[in-house]
Every structure is written in structure tokens, then in C-alpha cells.
Amino acid sequence: MSDPKHPEQLTDRLFATERNPEDFRFDASVARVFPDMIRRSVPGYTTVIPMIEVITEQYVQPGTNCYDLGCSLGAATLAMRHGIAHADCQLIGVDNSSAMIERCEHYVALDDHPLPVTLRCEDILTTELSNASVTTLNYTLQFVPPAQRLGLLERVAGATRPGGALILSEKIRFESEQEQDTQTRLHHEFKRANGYSDLEISQKRAAIEQVLIPETLETHRQRLLKAGFDQALLWYQCFNFVSILAIKAE
Ligand SMILES: Nc1ncnc2c1ncn2[C@@H]1O[C@H](C[S@+](CC[C@H]([NH3+])C(=O)[O-])CC(=O)[O-])[C@@H](O)[C@H]1O
Ligand SMILES: O=C(O)C(=O)Cc1ccccc1
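On a predicted model such as this, the values are computed, not experimentally measured, just so you know. (Residues numbered from 1 in each chain as written. Chains lettered and ligands numbered in written order. Predicted model: local features only at pLDDT ≥ 70, side-chain atom pairs only at ≥ 80, totals over all residues.)

Bringing the UniProt feature "domain: Methyltransferase" (unreviewed entry) in the protein into the picture now. Under the feature "domain: Methyltransferase" (unreviewed entry), the UniProt entry names residues 68-164. The span residues 68-164 shows a helical share of 34% and a strand share of 24%, and its end C-alpha atoms are spaced 14 Å apart. (UniProt positions renumbered as here; feature names shortened; annotations may be inferred. Helix = DSSP H or I, 4+ residues; strand = E, 2+ residues; numbered from the N terminus.)

Here it is, written out as C-alpha cells:
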């Protein structure tokens, strides 16, 4: 029996047996294994999360809103929460998967911290954004159709106060075919080292192909500047996964 207050932590075996090819979705079966899946699949994830607290602390401003767009189970939301020392800030997590938001509520409740967290089960493309100091898109923009990415980033930049920031973490692709092959191989070796079989790796790869669209670092940088940020700097990279800090000038 599982205690609803303590969501069970399961091992990701979703792609371990032969499956029909079907696009990846953030449904209840993914939500149940998500902490294990993301930790074993995304090189650098376990480093990026605690750094989100450190970066939030540097850019948060009193009396502002902080957003975690595509919050899943709230790992980045809680890191942001611990970096916010102002009681008059609002922290808002947004995800359009109800399975994720339901479980996220439990994790937020288990985290002993005075700052309230508002969770919205909404599309990040239409959710209201205003008076922001820190916004996080931690491996979420990669799931937004490329044609809609600039519009979303313009809304984020437009809602961000002078001196505020966006933390953007993404899987990227590389201009050079040789580098693309090498970094992809290293990512797959990382997954293998974390216990995924060749079948799991190849079936997951097929399932995410149409829904997770990586772009180059240069495309991300140029678009962040076009959207209204004044600086876009790479602060973390592990293989084909990066995190960028985009800053609005004071
Ligand atoms: N249009 C959308 N609107 C709202 N949510 C969306 C949308 N598209 C995708 N999502 C949501 O974005 C999340 C992406 S996971 C983020 C990890 C988290 N940030 C973490 O730090 O643990 C990353 C990954 O699985 O690689 C999922 O929960 C989707 O439901
Ligand atoms: O698993 C992969 O190969 C990825 O690229 C990352 C990922 C992590 C979690 C959900 C979807 C994709």
C-alpha cells in the first residue's frame, strides 16, 4: 500500500520490454517513475538542481513572482523555494500534466519551508506571467514546438523585471556531425552506466524523437537575445545537456 503523503519512488523500466512505437507522453506511468528516470537519463541533472537554488538567490527581488515552467514533480520549484529569502515573493509552478501536478502537490507539502507555492495545471504557452524576477525552464522548452519557442521566450522576457533572469536547461544538438555523434554516444554510455539496456535506450530514443526537438546552443543564445534578454551565458554543460543563464539588464 502506498501512503498518499509519500509518493512511492519507483525504478524506470518503462522501455525495458518490447513496445509498440508510440510518442512519449507525461502520463501517470511516467510521473510514477519520474525522479528515477530523469536522474538516470539527463547528465548533469543532479548538479543543475542545487545550482538553481544558488542562482535564484542571486537574482530574486523582493515583491516579485518566480516561475518554474514545466515543473513536473517540483525538483526545480523546491530548489527555487530554498533560494528565496523574501516572504513577499510568489512562487508559481506550471505543468500541463495533471499526473505530474498531483504528485508535485505531495512533494511541495513534504518540503518544510514557509514560502507558499502555487501550482497551476496549465499550458506554459498561455499561463499568465507578470512581475517576474526569476523564471526556470528546466528541460521543458525542448518539448515546445520550435515555432512557438520565440513567442514563449518573448512573454517570459517581457514579464521579467530589469535585473531579473531566466534559467534555461536543454538537451542540445551540434552543428558538427562528428560532435553530434560523439556527444550522443557519451549520453548513451551515461544511460548504460546508470543501468539502462540497449533496448531501453533505443526504444526511448524512438519515443522522444518527435516530441523532444533539440536545437544548437547558438540558436538558443540568439533567440534569447531576440526575445529581450541582454545576456545569455552558458553556465553548465555535460555532454549534450546544457544550462543557460539569460539576464535582463538593470
Ligand atoms: N506546453 C507545456 N505546458 C506545460 N507543461 C509542459 C508543456 N510541455 C511540456 N510540459 C511539461 O514539461 C515537463 C518536462 S520535464 C521537466 C523537469 C523539471 N523541470 C525538473 O527540473 O524536474 C523534462 C523531461 O522530462 O526531460 C513535463 O512535466 C511536461 O508535462
Ligand atoms: O532519456 C533521454 O534520452 C533524454 O533525452 C531525456 C529525457 C528525460 C526524461 C523524459 C524524456 C527525455
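Residues apart from glycine generally show negative phi values, whereas peptide bonds are mostly found in trans. A positive phi angle is found at serine 72, which is not glycine, with a value near 50 degrees. Among the structural elements, serine 72 can be located in the loop between β1 (65-69) and α3 (75-83). With phi around 55 degrees, phenylalanine 239 is a residue other than glycine that occupies positive phi space. Its location among the elements puts phenylalanine 239 in the loop between β6 (231-238) and β7 (241-247). Overall, the presence of 19 C-beta atoms within 10 Å leaves phenylalanine 239 in the partly exposed class. (Buried ≥ 20, exposed ≤ 12 C-beta atoms within 10 Å, placed from the backbone.)

Further remarks concern the domain arrangement of the protein. Each assigned domain of the protein is listed with its residue range as follows: domain 1 (42-132) and domain 2 (140-161 + 169-250). Just the C-alpha atoms count here: the centres of domain 1 and domain 2 sit 20 Å apart. In terms of residue count, the dominant contributor to the side of domain 1 that touches domain 2 is helix α2 (residues 45-59) (four residues). Taken together, the residues of the side of domain 1 that touches domain 2 break down into ten nonpolar, seven polar and no charged. (Domains from an automatic or database assignment. Nonpolar A, V, L, I, M, F, W, Y, C, P; charged D, E, K, R; others polar.)

With that out of the way, let us pick up the UniProt feature "binding site: S-adenosyl-L-methionine" (unreviewed entry) in the protein. In the numbering used here, UniProt assigns the feature "binding site: S-adenosyl-L-methionine" (unreviewed entry) to Tyr45, Gly70, Cys71, Ser72, Asp95, Asn96, Asp123, Ile124, Asn138 and Arg205. Spanning 161 residues, the annotated positions stay apart in the fold, the maximum distance between their C-alpha atoms being 24.6 Å. For glycine 70, the position within the fold is in the loop between β1 and α3. With residues up to four places along the chain from it excluded, the contact list for glycine 70 reads Asp95, Ile124, Leu137 and Thr140. Position of asparagine 138 among the secondary structure elements: in strand β4 (residues 132-138). (Contact = placed C-beta atoms within 7 Å.)

A few words on helix α8 (residues 217-227). Taken together, the buried positions of α8 are His220, Arg223, Leu224 and Ala227. Viewed along the axis of α8, the buried residues span an arc of 105 degrees, placing them on a single side of the element. Every exposed residue of α8 that faces more than 90 degrees away from the buried side is listed here: Glu218, Gln222 and Lys226. The inward-facing, buried residues of α8 abut α5 (149-159), β5 (160-171), β6 and β7. Taken from the residues just after α8, glycine 228 is the one with a positive phi, measuring 125 degrees. (Arc of directions from axis to C-beta.)

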